[in-house]
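# Per-entry structural report
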Amino acid sequence: MTAPSNRRSIFLGRMPLPERNFIADALRAETVGGVLLLVAAVAALIWANTLGGSYEAVRGLHIGPASLGLDLSLQHWAANGLLAVFFFVAGIELKRELVAGELRDPKAAALPVIAAICGMATPAVVYFTVNVIGGGSLKGWAVPTATDIAFALAVLAVIGTSLPSALRAFLLTLAVVDDLFAILIIAIFFTSKINFLALGFAAVGLVIFYLLLRKGIRGWYVYVPLAVVIWALMENSGVHATIAGVAMGLMLRCHRRDGETQSPGEHIEHLVRPLSAGLAVPLFALFSAGVSISGGAVHDVFTRPETLGVVLGLIVGKALGIFGGTWCTARFTKAELNPDLRWPDVFAVASLAGIGFTVSLLIGELAFAKNPALADEIKASVLIGSLLAALLAGILLKIRNNKYRRLCEEEERDEDQDGIPDIYELDKPEYHLRMAQILEAKAAEHRRLAEVASGARAVDDGPA
């Protein structure tokens, strides 16, 4: 019988190669989406500050069948409709992390879960404290709690820093947990009056969706119309419609069976992620990020308690919360970081998590829906806080850049040129044999070159 092990769980350690490759593909997609998100946000700001009247007219344009309760503005369609696709992908990511990723092991999951909780609680405390002292509204306490993974990874792409895959995986896992709690916050605190009939029919639709999946029924023409009906019922129920996307994402099977190269969840995520990152989220940013930025507006952001609480929550609360949660978990539990990583690395990523763009904008709209002027100021504070967090993280990541580059080179090293990084073959006997053969071949080549050089010298030193 094997004796129980007291070995500490290493989080951010070496991942299995399939998991590593999946994370890399996901990060590449998120990075591209983040760049598009950045472009859309800049376009919205330029549009709103140069042709503000046309911007307001376009995003306020109502389309949709009023008889079905779907006569919504373009801004509302983007926030409730397109973001449902984003949250659908988030639901698949969460399910996959729970069954095949870092969150499947409770000991390893403790670190990112606690870090994410602390990274959401601390900004809320910062916002609460600033507004209690300044006499502001407490409705926006949830605005600085979210992290925008796509925007964060876009910043990494723009500044050209090479993070080791372990830290990038930490950021992704952290964001998945963050998304889960953001979903819960939206469902619990930003649900107005509930239409139980519509909610009941939405629940029936979700049950049908689940049963079809379990029966192995295939075909987009079955699931897409059903998903649209479920979303419409959820929109009319009073519960935020994005919850429908999350629920359907969580129902997909994300573990592989024998003979499968991809689970259904992975396959569908691969198909839908480009739609989410390339269309849904950028269009949401285009119709939500357009706020008037003037000298007076910037002054108000740093003097009004509601907006100052958001800025400090994103910059200070996120960094201290995630870093403090990670450090306390590693210090007082059996979880530990990869020994190749250092705490400044974690602090830099914790600062980067202060970019709270997409979900923060959404929560800001929901929190101050009855005060459009304050809602716009909250959006401005989200933009400024996210920008400052990105600048701070960029400086810290640049300082650590040489460290990151060395770690990445070690992870990607492939001496035997077989397409598999050597770090994943260290425990295989055939790897050691192959490496010995490579080293012997190099030594033989060196001996041959030495003999050639020696012969050349003998000719040169011979009689004239």
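Note that this is a predicted model, so its numbers are computed, not measured. (Residues numbered from 1 in each chain as written. Predicted model: local features only at pLDDT ≥ 70, side-chain atom pairs only at ≥ 80, totals over all residues. Heavy atoms only, no water.)

### Details of the overall build of the chain
For clarity, the threshold we go by: Helix and strand definitions follow DSSP, with helices as H or I runs of at least four residues and strands as E runs of at least two, each counted in order from the N terminus. Only protein chains enter the accessibility calculation, which uses a 1.4 Å probe; a residue is then buried when its area is under 20% of its type maximum, exposed when over 50%, and partly exposed in between. The contact criterion used throughout is that any non-hydrogen atoms of two residues lie within 4.5 Å. In short, Shrake-Rupley with a 1.4 Å probe defines the accessible areas, and a residue's cover is counted only from the protein chains shown.
The helix and strand tally for the chain stands at 17 helices and four strands. Expressed as a percentage of its 464 residues, the buried residues of the chain come to 48%. Intrachain contacts of the chain at a sequence separation of at least 6 include 79% that bridge at least 24 residues. For the chain, the computed accessible surface area is about 22,000 Å², with 67% contributed by carbon and sulfur atoms.

### Quick look at a nonpolar patch on the surface
What counts is decided by this rule: For patch building, the residue pool is restricted to those with more than 30% relative accessible area and no salt bridge; the joining distance is 9 Å between like charges and 5 Å between nonpolar side chains (Val, Leu, Ile, Met, Phe, Trp, Tyr). Between Lys or Arg on one side and Asp or Glu on the other, a salt bridge is scored when a side-chain nitrogen of the former is within 4 Å of a carboxyl oxygen of the latter.
Together, Ile 293, Val 298, Phe 302, Leu 387, Leu 388 and Leu 391 line one region of the surface with nonpolar side chains, adding up to about 480 Å² of accessible area. Elements that contribute at least two residues to the nonpolar patch include exactly helix H11 (295-303) and helix H15 (372-399). Residue placement: Leu 391 occurs in helix H15.

### Thoughts on the packing of aromatic side chains
Spelled out, the test is: Two aromatic rings, drawn from Phe, Tyr or Trp (for Trp, its six-membered ring), form a pair once their centres lie within 6.5 Å of each other, and the interplanar angle then sorts them: stacked below 30 degrees, edge-to-face above 60, tilted otherwise.
Tallied over the entire structure, the rule returns nine aromatic pairs. Judged by centre distance (5.5 Å) and plane angle (20°), the ring pair of Trp 77 and Trp 231 falls under stacked. You can see Trp 77 sitting in helix H3 (residues 74-99) and its partner Trp 231 sitting in helix H8 (residues 220-237), a full 154 residues away along the chain. Considering the side-chain rings of Phe 323 and Phe 347, the 5.5 Å spacing of their centres and the 85° angle between planes classify their relative orientation as edge-to-face.

### Some words on helix H13 (residues 343-352)
In terms of burial, H13 is a largely internal element, seven of the ten residues being buried. Along H13, the residues classified as buried are Asp 345, Val 346, Ala 348, Val 349, Ala 350, Ser 351 and Leu 352.

### Comments concerning H3
As a reminder, the rule being used: One fewer than the residue count of a helix, multiplied by 1.5 Å, yields its expected span. Fitting one axis to the seven residues ending at a residue and another to the seven starting there, the bend at that residue is the angle between the two axes.
Taking 1.5 Å of rise per residue, the 26 residues of H3 would be expected to cover 38 Å, and the 37 Å separating its terminal C-alpha atoms lies within 8% of that figure. At Ala 84, H3 shows its largest kink, close to 35°. The buried count for H3 comes to 19 of 26 residues, which makes it a mostly enclosed element.

### Re the packing of helix H7 (residues 196-214) against H8
Helix-helix packing is characterised by the crossing angle of the two axes and by the distance between the axes. The line we're drawing: Under this scheme, a helix contributes an axis fitted over its contacting stretch, all axes are lines through C-alpha atoms, and angles between N-to-C directions fall in the 0 to 180 degree range. Relative orientations are named as follows: roughly parallel for angles under 35 degrees, roughly antiparallel for angles over 145 degrees, roughly perpendicular for angles from 65 to 115 degrees, and oblique for any other angle. Take the far helix as your reference; a near helix turned counterclockwise from it by less than a right angle gives a left-handed crossing, and one turned clockwise gives a right-handed crossing.
With their axes 8 Å apart at the nearest point, H7 and H8 run at an angle of 155° to one another. Our classification of the angle between H7 and H8 gives roughly antiparallel. When you trace H7 past H8, the crossing you get is left-handed. Together, Ala 198, Leu 199, Phe 201, Ala 202, Gly 205, Leu 206, Ile 208, Phe 209, Leu 212 and Leu 213 of H7 and Val 222, Tyr 223, Leu 226, Ile 230, Leu 233, Met 234, Asn 236 and Ser 237 of H8 make up the contact between the two elements.

### Notes on the pattern of salt bridges
Counted according to the given criterion, the structure contains ten salt bridges. The salt bridge partner of Glu 260 is Arg 253, with a shortest N-O separation of 2.9 Å. On the basis of relative accessible area, Glu 260 is assigned to the partly exposed category, the value being 27%. Among the ionic pairs, Glu 365 bridges to Lys 379, the shortest N-O distance being 3.2 Å. Taken together, the residues span a long stretch of sequence, with Glu 365 in helix H14 (residues 358-367) and Lys 379 in helix H15 at a distance of 14 residues. For Lys 379, a relative accessible area of 4% gives the class buried. Members of the salt-bridge network, linked through shared partners, are Glu 93, Glu 269 and Arg 273.

### Digging into the environment of Gly 91
Among the structural elements, Gly 91 can be located in helix H3. Residues Gly 91 and Met 248 lie 157 residues apart in sequence; the distance between their C-alpha atoms is 7.4 Å.

### A word on the side chain of Asp 148
Counted only if it meets this: When charges are tallied, Lys and Arg are placed among the positive residues and Asp and Glu among the negative ones, while His and the ends of the chain are skipped. Polar contacts here mean pairs of N or O atoms no more than 3.5 Å apart (in protein, one a potential hydrogen donor and the other a potential acceptor; neighbouring residues in sequence count only if both atoms are side-chain atoms).
Here Asp 148 shows up in the loop between helix H4 (106-134) and helix H5 (149-159). Of the buried charged residues, Asp 148 lacks a salt bridge, with Arg 273 as the closest side chain of opposite charge at 11 Å. For Asp 148, the side chain forms a polar contact with the side chain of Thr 358, separated by 2.3 Å.

### Here we look at the confidence of the model for the chain
Close reading of the predicted structure is inappropriate where its pLDDT is low. To be explicit about the condition: pLDDT measures how confident the predictor is about each residue, on a scale from 0 to 100.
Averaged over all residues, the pLDDT of the chain equals 81, while 77% of them reach at least 70. Confidence over residues 1-13 falls short of pLDDT 50; this stretch has 29 contacts with residues more than four positions distant or in other chains.

### Topic: the environment of Arg 214
For Arg 214, the position within the fold is in helix H7. For the pair Arg 214 and Arg 253, spaced 39 residues apart in sequence, the C-alpha to C-alpha distance is 8.8 Å. Here the side chain of Arg 214 touches Met 251 through a polar contact of 3.2 Å, landing on its backbone oxygen.

### Some details on the side chain of Thr 358
By the secondary structure assignment, Thr 358 is in helix H14. Since its relative accessible area comes to 1%, Thr 358 is described here as buried.

### Re the nonpolar core
Side chains that are nonpolar tend, in soluble globular proteins, to be buried together. Under the convention used in this document: Put simply, a nonpolar core is a bunch of buried Ala, Val, Leu, Ile, Met, Phe, Trp, Tyr and Cys residues held in one set by side-chain atoms that sit within 4.5 Å of each other.
Of all hydrophobic cores here, the largest spans 97 residues; its most connected members are Phe 87, Phe 170, Phe 209, Met 248 and Phe 357. With six residues, the next largest nonpolar core counts Leu 70, Leu 72, Ala 84 and Trp 231 among its residues.

### Examining the environment of Leu 388
Structurally, the position occupied by Leu 388 is in helix H15. Residues Leu 388 and Leu 314, spaced 74 residues apart in sequence, show a C-alpha to C-alpha distance of 8.9 Å. Contact partners of Leu 388, with chain neighbours within four places excluded, come to Phe 302, Val 311 and Ile 315.

### Let's talk about the state of the cysteines
The criterion, for reference: Criterion for a disulfide: a pair of cysteine sulfur atoms at a distance within 2.5 Å.
Counted by the stated rule, this structure contains zero disulfides. Distance from the sulfur of Cys 118, which forms no disulfide, to the nearest cysteine sulfur (Cys 328) is 7.1 Å. Classification of Cys 118 as partly exposed rests on a relative accessible area of 25%.

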